[in-house]
Amino acid sequence: MRLLVLPGDGIGPEILAPTRKVLDAADAAYDLGLELETADIGFASLAREGTTLPPTVLDRIPEVDGVVLGPVSHYEYPPRHEGGLNPSAELRVRFELFANVRPCRSRAELSVLRAPMDLVLVRENTEGFYSDRNMYAGTGEFMPDADNAFSIRKISARGCERVARAAFDLARGRRRKVTAVHKANVLKLSDGLFLREVREVAKDFPDVQLDELIVDAAAAALIRRPDTFDVIVTTNMFGDILSDEAAELSGSLGLGGSLNVGHDVAVAQAQHGSAPDIAGQGIANPTSLILSAAMLLDWRGRRDRNEALVEAAAGIESAVERTLDDPGSRTRDLGGSLGTAEFADHVVARLLTGRRAVSTPN
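Residues numbered from 1 in each chain as written. Predicted model: local features only at pLDDT ≥ 70, side-chain atom pairs only at ≥ 80, totals over all residues. Heavy atoms only, no water.

Peer 1: What's the story with the sheet that holds strand E10 (residues 231-234) in this structure? I'm lost.
Peer 2: Each strand in a sheet pairs with its neighbour through backbone hydrogen bonds, running either in the same direction (parallel) or in the opposite one (antiparallel). Ordered in space as E2-E1-E3-E12-E11-E4-E5-E10-E8-E9, the 10 strands form an open sheet in which the pairing is mixed. At either margin of the open sheet sits one strand with a lone partner, and together these are strand E2 (35-38) and strand E9 (209-214). The mean angle between the axes of side-by-side strands here comes to 25°, regardless of whether they run parallel or antiparallel. Here strand E1 (residues 2-6) runs beside E2; their pairing, made up of 4 bridges, is parallel. (Pairing = 2+ DSSP bridges. Helix = DSSP H or I, 4+ residues; strand = E, 2+ residues; numbered from the N terminus. Axes fitted to C-alpha atoms, helices over the stretch in contact; angles between N-to-C directions.)

See the structure below:
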């Protein structure tokens, strides 16, 4: 399995290094045959090549089996015509990574919730209110004069149908319930179209229950009754906000894995940003990117019917959970004392121990 690793900006290189270490350990333990190659994006490539997303990277992505993308500081990039492309948005649109899959499971000692949470949010990934990616040419925002700004929301039947199908496919392997989150009481046309397509897809999944919930009620329900959710499907911006809320409620935004999925390409990406304020200090929590990389292995393993990849993904997730369960092996943002590298060492040790326990007969 060939993976393209893109470190990114801010804490990106710092959390990519331990993620690679965990992947290397999984490769050795499960005999995966991983091949990892690295390419620069973001400020590193801007300084050398005049663009935050070089054409060589875009050309390489279809040739590999998956991508691990570090956080990027696209808010600080120069204008697009000066090379400041948002790598995250560009990859999602160019390779039609239409579903952003974000699992969220609460941990007893870290969560502020009164009831347990175990859900997956499936977010439409290529359109919506995200004006840097919802137009064929130009941007979805414009100002006709200095005192008026407008933003266009794009909702397409195709975009809604394919993200809904991804959500129902996922729910069929879980607790068989999908909650479609919307604001159709106000956005009658655009969210009305979203609901129309979700309901149509639901007809193909008679064994999966469909619920519908207005977004503000969903935001409250994540706090009040998180245990009632299984799979949530929603539009781009709603999904971005709700998944961050869910991750924070479960313990920390730094604990949320994230996988951008298309038909043929998948990109693992930490749910959080580049955190330039702590870059270089060695204290960033790498959990999100490690779990995202595990999701990538699982996606590829199921796609290729490669049981070793699926088992390795489960092994990494289990090792992370056991590391987080121990207060002595948590990072500082979770009340522990470990730095980035030390946390990864604990994950690797538990990964290898767990693998030996499974491989050794009783």
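Peer 1: Mind showing me how you'd approach the pattern of salt bridges here?
Peer 2: Opposite charge on two side chains allows them to pair when their charged atoms are near. Counted according to the given criterion, the structure contains 34 salt bridges. Arginine 102 is the partner of aspartate 244 in a salt bridge, and the nearest nitrogen-oxygen pair spans 3.4 Å. Placement of aspartate 244 in helix H8 (residues 236-250) and of arginine 102 in strand E4 (residues 99-105) is noted, with a sequence separation of 142 residues between them. Put simply, aspartate 240 and arginine 123 hold a salt bridge, and the shortest N to O gap is 3.7 Å. Here the residue aspartate 240 occupies a position in helix H8, and arginine 123 occupies one in strand E5 (residues 118-124), the gap between them amounting to 117 residues. With relative accessibility at 2%, the residue arginine 123 sits in the buried group. (Salt bridge = Lys/Arg side-chain N within 4 Å of Asp/Glu carboxyl O. Buried < 20%, exposed > 50% of the residue type's maximum accessible area, 1.4 Å probe, protein only.)

Peer 1: What am I meant to see in unusual backbone geometry here?
Peer 2: Trans is the common state for peptide bonds, and a negative phi is the common state for residues other than glycine. Located in the positive-phi region is aspartate 31, a residue other than glycine, with phi close to 55°. Along the chain, aspartate 31 falls in the loop between helix H1 (12-30) and E2. Accessibility expressed as a relative area gives 66% for aspartate 31, which makes it exposed. Even without a glycine there, the phi angle at arginine 305 is positive, about 55°. Looking at the element boundaries, arginine 305 is found in the loop between helix H9 (287-304) and helix H10 (307-325). In this structure arginine 305 comes out as exposed when scored by relative accessible area, which is 77%.

Peer 1: Can you walk me through the pairing of strand E7 (residues 148-151) in this structure?
Peer 2: Working note: regular strand, side chains alternate between the two faces of the sheet. Strand direction decides the pairing type here: strand E6 (residues 141-145) and E7, joined by 3 bridges, are antiparallel. If you follow aspartate 145 over to E7, its bridge partner there is asparagine 148. Connecting the antiparallel pair E6 and E7 is a turn made up of 2 residues.

Peer 1: Please explain helix H7 (residues 215-224) as it appears in this structure.
Peer 2: Taken together, the buried positions of H7 are occupied by Val215, Ala218, Ala221 and Leu222. The arc enclosing the buried residues of H7, seen along the axis, measures out at 110°, which places them on a common side. At its buried positions, H7 is contacted by E5, strand E8 (177-182), E9, E10 and H8. (Arc of directions from axis to C-beta. Contact = heavy atoms within 4.5 Å.)

Peer 1: Where do I start with the environment of threonine 331 in this structure?
Peer 2: Note on placement: threonine 331 falls in the loop between H10 and helix H11 (340-359). For threonine 331, a relative accessible area of 0% corresponds to the buried category. The sequence separation of threonine 331 and glutamate 342 amounts to 11 residues, and the corresponding C-alpha distance is 8.6 Å. In this structure, threonine 331 is in contact with Asn285, Pro286, Gly336, Ser337, Leu338, Gly339 and Phe343, ignoring residues within four places of it in sequence.

Peer 1: Please explain the side chain of asparagine 236 as it appears in this structure.
Peer 2: You can see asparagine 236 is positioned in helix H8. We classify asparagine 236 as buried; its relative accessible area is 0%. A distance of 3.2 Å separates the side chain of asparagine 236 from the backbone oxygen of glutamate 127, its partner in a polar contact. In this structure asparagine 236 touches Arg123, Glu124, Asn125, Thr126, Glu127, Gly128, Tyr130 and Arg133, once residues within four positions along its chain are discounted. (Polar contact = N/O pair within 3.5 Å; in protein donor to acceptor, adjacent residues only side chain to side chain.)

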